[in-house]
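# Tertiary structure, described
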Amino acid sequence: AQKITQTQPGMFVQEKEAVTLDCTYDTSDPSYGLFWYKQPSSGEMIFLIYQGSYDQQNATEGRYSLNFQKARKSANLVISASQLGDSAMYFCAMREGESNTGKLIFGQGTTLQVKP
Amino acid sequence: EPEVTQTPSHQVTQMGQEVILRCVPISNHLYFYWYRQILGQKVEFLVSFYNNEISEKSEIFDDQFSVERPDGSNFTLKIRSTKLEDSAMYFCASSPTSGNGDTQYFGPGTRLTVL
């Protein structure tokens, strides 16, 4: 079974609108971390936001927020007030286990295009 | 802001040749990683490294691969005899060890093309 599933290969959003990128995960470990990374066309991987499995509140970082629904095993990324520079591939990733230094398991990614 | 750097940005090599990909992690980080991304596919973990030894490796990281921290700043990935299927973007990442949810910060990647 896939550990991280991103079901939207591509998404469009109008500039200044909000968009939600879906991510579901599968783990039996009670301790895990969830990450979102942005990969622009230039190729680098840019960290956006982190959510720990024991965190009571949804993570927020500027225009990014993570809609964490533990019972549903989903960790959707919400980008508010989309900008043209948000056009990129977005990857959801999970780290399992107590260790803060374990490997990341990535989803297939979602390509987001922001329309002017 | 400190960042992970990688050299070269693009490497072209002939099948069967050895390549060394170089990375300079963020200076106060202690854990280092290599990932790869075949074009159009997801990012895959290769290996993690701490305290001068491999912490974990994936099944992709076979005997053709090795990692080294030759000095206090560089972290290298060597592929001894490259195959066509090694063509990919290779990312180095590093993370600190304190606190929860230590984020792995990625370098810009090295695009390896094996001909």
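Coordinates for the structure precede this section.
Attention in this report is confined to the structure presented alongside it.

We now examine the overall build of chain B. Regarding its fold elements, chain B presents 0 helices and 11 strands. Listing every helix and strand of chain B by position from the N terminus yields β-β-β-β-β-β-β-β-β-β-β. The globule rule puts the C-alpha radius of gyration for 115 residues at 13 Å, and the 13 Å found for chain B is close to it. The dimensions of chain B, computed from C-alpha atoms along their principal axes, are 45 × 25 × 25 Å.

You can see Ser95(B) is positioned in strand β9 (residues 88-95). Here Tyr33(B) takes part through its side chain, which lies 3.3 Å from a polar atom of the side chain of Ser95(B).

The interface is formed by 19 residues belonging to chain A together with 24 residues belonging to chain B. When chain A packs against chain B, the two sides together hide about 1,700 Å² of surface, and 54% of this comes from carbon and sulfur. Put simply, chain A and chain B have 1 salt bridge between them. Here Glu56(B) makes a salt bridge to Lys103(A), at a shortest N to O gap of 3.4 Å. Scanning the region where chain A abuts chain B turns up 5 residue pairs in polar contact (both at pLDDT 80 or more). Among the elements of the structure, β5 (32-39), β6 (46-52) and β10 (88-96) of chain A are those that each provide at least two residues to the side of chain A that touches chain B. Ranked by residue count, the leading element in the side of chain A that touches chain B is β5(A), at 3 residues. For the side of chain A that touches chain B, the residue count by class is 8 nonpolar, 8 polar and 3 charged.

Scanning the model with the defined rule gives 2 disulfides over all chains in all. A sulfur-sulfur distance of 2.0 Å marks the disulfide that ties Cys23(A) to Cys92(A). Sign of the S-S torsion, about -65° for the bond between Cys23(A) and Cys92(A), identifies this disulfide as left-handed. Linking Cys23(A) in the loop between β3 (19-21) and β4 (24-25) with Cys92(A) in strand β10, this pair joins segments that are 69 residues apart in sequence. Take Cys23(A) and Cys92(A): they sit in the same class, and that class is buried. The residue that forms a disulfide with Cys23(B) is Cys92(B), at a sulfur-sulfur distance of 1.9 Å. Every disulfide takes its handedness from the sign of the S-S torsion; for Cys23(B) and Cys92(B) that torsion is -60°, giving left-handed. Of this pair, Cys23(B) sits in strand β3 (residues 19-24) while Cys92(B) sits in strand β9; the two residues are 69 residues apart in sequence, bridging distant segments of the chain. For the residue pair Cys23(B) and Cys92(B), the accessibility class agrees, reading buried in each case.

What follows concerns unusual backbone geometry. The omega angle of the peptide bond from Thr7(B) to Pro8(B) is -10°, so this bond is cis rather than trans. Backbone geometry at Lys73(A) places phi at a positive 55°, although glycine is not the residue there. By secondary structure assignment, the location of Lys73(A) is in the loop between β8 (64-69) and β9 (74-79). Judged by its relative accessible area of 30%, Lys73(A) is partly exposed.

A few words on the pattern of salt bridges. As a working rule, side chains carrying opposite charge can pair if their charged atoms are close by. A complete count under the given rule lists 4 salt bridges over all chains for this structure. Across the salt bridge formed by Lys3(A) and Glu96(A), the nearest N and O atoms sit 2.9 Å from each other. One end of the pair, Lys3(A), is in the segment before β1 (4-5); the other, Glu96(A), is in strand β10, with 93 residues separating them in the sequence. A salt bridge links Glu44(B) to Arg36(B); the nearest nitrogen and oxygen atoms lie 3.3 Å apart. Note on Glu44(B): relative accessible area 24%, which makes it partly exposed. Judged by its relative accessible area of 10%, Arg36(B) falls in the buried class.

Turning our attention to the environment of Cys23(B). The class for Cys23(B) is buried, based on a relative accessible area of 1%. Setting aside residues up to four positions removed in sequence, Cys23(B) forms contacts with Val4(B), Thr5(B), Gln6(B), Trp34(B), Ser73(B), Asn74(B), Phe75(B) and Cys92(B).

Definitions and cut-offs
Numbers given for residues are sequential positions, taken from 1 along each chain in its written order. As they are written, the chains are lettered A onward and the ligands numbered 1 onward, keeping that order. Given that this is a predicted model, residues contribute local features only at a pLDDT of at least 70 and side-chain atom pairs are listed and counted only at 80 or more, while totals for whole chains, interfaces and linings are drawn from all residues. Note: side-chain values were computed over all heavy atoms of the structure, leaving out hydrogens and water. Only runs of H or I of at least four residues qualify as helices and only runs of E of at least two qualify as strands under DSSP, and these elements are numbered from the N terminus. Here the radius of gyration uses the C-alpha set of atoms, whereas the globule reference equals 2.2 Å times the residue count to the power 0.38. In protein, a polar contact requires one atom able to donate a hydrogen and another able to accept it; more generally it is a pair of N or O atoms within 3.5 Å, and residues adjacent in sequence count only if both atoms are side-chain atoms. For this analysis, residues touch if any pair of their heavy atoms sits within 4.5 Å. Summed over both partners, the accessible area (1.4 Å probe) lost when two parts come together is defined as the buried area. For this document, the term salt bridge refers to a Lys or Arg side-chain nitrogen within 4 Å of an Asp or Glu carboxyl oxygen. Residues were grouped as follows: Ala, Val, Leu, Ile, Met, Phe, Trp, Tyr, Cys and Pro as nonpolar; Asp, Glu, Lys and Arg as charged; and all remaining residues, including Gly, as polar. Note on terminology: pairs of cysteine sulfur atoms within 2.5 Å are recorded as disulfides. Accessible area is worked out with a 1.4 Å probe on protein chains only. A residue is then buried under 20% of its type maximum, exposed over 50%, and partly exposed in between.

Note that every value here comes from positions in space, so none of it alone points to a role or purpose.
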